[in-house]
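# Structure at a glance
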Amino acid sequence: MTNAAFVPLPPPPAMDDDQRLARAREFAAMLGKRRTVRDYAPTPVPREVIEACLQAAGTAPSGANQQPWSFVAVSDPALKQRIRVAAEAEERDFYERRAPDEWLEALAPLGTDDHKPFLETAPWLIAVFYERTGPEIDGRKAKRYYPHESTGIACGMLIAALHNAGLATLTHTPSPMAFLNELLERPRHEVPYLLLVVGHPADGCQVPDIRRKPLDQFARFR
Ligand code: IYR
């Protein structure tokens, strides 16, 4: 027996299969133009745009509808500078000591190194956290189900929403990221997941000459 409450699903938009195909292809083409950007213009982006894109992210499906994500959007230059300093310290350690040669070889086509000026130049940094558990209430912590997967889906939707709004992004994962809890004053049960860099590309911005796999290499039909 379930005591769940149900309401009618609002009708989906009316369209025939030709329209469906056209829309599906348009969306794929739109997303196909997304590129990860590491060189940003200092041009500001209104907070309302970021809010609307976060609103889109917050519609993601999640384990047991627990919505275990939490976003901190940072535009304050002093805070961005502190994030850059902390991230670059971790990245230096990664590139100079921790990264195995195999990993450095895999990164070579991307041309990345421990310098992360975009953490100050880009107008917004969105730190994403997932809740490992709920907050402790009366000494008990509620379990969260599929928090990584749920937060990953929300991040995908956020990246798509930002791209659709004409903005560039970078999924940055300085490792470890515990400094984000301290700098952004988030409690310990929130685990840093991703630092998303958001803004407009710099004039003359260049991106790595890399390709995406064709459909038949990553999807099968049976
Ligand atoms: N966090 C480092 C290294 C890095 C790792 C992966 I996997 C990438 O796809 C890109 C970079 C950095 O940001 O430089």
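In what follows, the structure referred to is the one given above.
Residues numbered from 1 in each chain as written. Predicted model: local features only at pLDDT ≥ 70, side-chain atom pairs only at ≥ 80, totals over all residues. Heavy atoms only, no water.

### Examining the site of the ligand
Neighbouring the ligand are the residues R38, E91, F94, Y95, W103, L107, L110, T112, D113, K116, H172 and T173. In the model, an oxygen atom of the ligand is placed 2.9 Å from a nitrogen or oxygen of the E91 side chain. A distance of 2.5 Å is found between an oxygen atom of the ligand and a side-chain nitrogen or oxygen belonging to Y95. Out of a free accessible area of 370 Å², the ligand has 71% covered by protein chains. For the shell around the ligand, the leading source of residues is helix α3 (residues 77-98), giving three residues. When its residues are assigned to classes, the shell around the ligand shows five nonpolar, three polar and four charged. (Near = heavy atom within 4 Å. Polar contact = N/O pair within 3.5 Å; in protein donor to acceptor, adjacent residues only side chain to side chain. Areas by Shrake-Rupley, 256 points an atom, 1.4 Å probe, with all protein chains shown as cover. Helix = DSSP H or I, 4+ residues; strand = E, 2+ residues; numbered from the N terminus. Nonpolar A, V, L, I, M, F, W, Y, C, P; charged D, E, K, R; others polar.)

### Some details on the side chain of K116
Assignment of secondary structure puts K116 in the loop between α4 (101-107) and α5 (118-121). The class for K116 is buried, based on a relative accessible area of 4%. Within the structure, K116 has its side chain in polar contact with the backbone oxygen of D113 (distance 2.7 Å). With near-sequence residues (within four places) excluded, K116 lies in contact with R84, E88, E91, Y95 and H172. (Buried < 20%, exposed > 50% of the residue type's maximum accessible area, 1.4 Å probe, protein only. Contact = heavy atoms within 4.5 Å.)

### Remarks on the state of the cysteines
Taken as a whole, this structure holds zero disulfides when the rule is applied. The cysteine C53 is free of any disulfide, with C155 supplying the nearest cysteine sulfur at 13 Å. Note on C205: no disulfide assigned, nearest cysteine sulfur contributed by C53 at a separation of 19 Å. The exposure class of C205 is partly exposed, given its relative accessible area of 23%. (Disulfide = S-S within 2.5 Å.)

### As for the nonpolar core
Ranked by internal contacts, the top residues of the largest apolar core, which has 23 residues, are Y40, I83, L180, L184 and V197. Elements supplying a minimum of two residues to this core: β1 (69-74), α3, α5, β2 (124-131), β5 (168-172), α7 (179-183) and β6 (190-199). Non-local contacts of L184, meaning those with residues more than four positions away in its chain, are made with V72, V74, L79, I83, A127 and F129. Grouped together as the second largest cluster of nonpolar side chains are 17 residues, I50, L54, L158 and L162 included. (Core = buried A, V, L, I, M, F, W, Y, C linked by side-chain atoms within 4.5 Å.)

### Things to note about helix α2 (residues 47-57)
For α2, the set of buried residues is I50, C53, L54 and A57. An end-on view of α2 places all buried positions within 105° of arc, on one side of the element. Exposed side chains of α2 directed beyond 90 degrees from the buried face belong to E48 and Q55. Summarising the contacts, the buried residues of α2 are in contact with β1, β2, α6 (147-164) and β6. (Arc of directions from axis to C-beta.)

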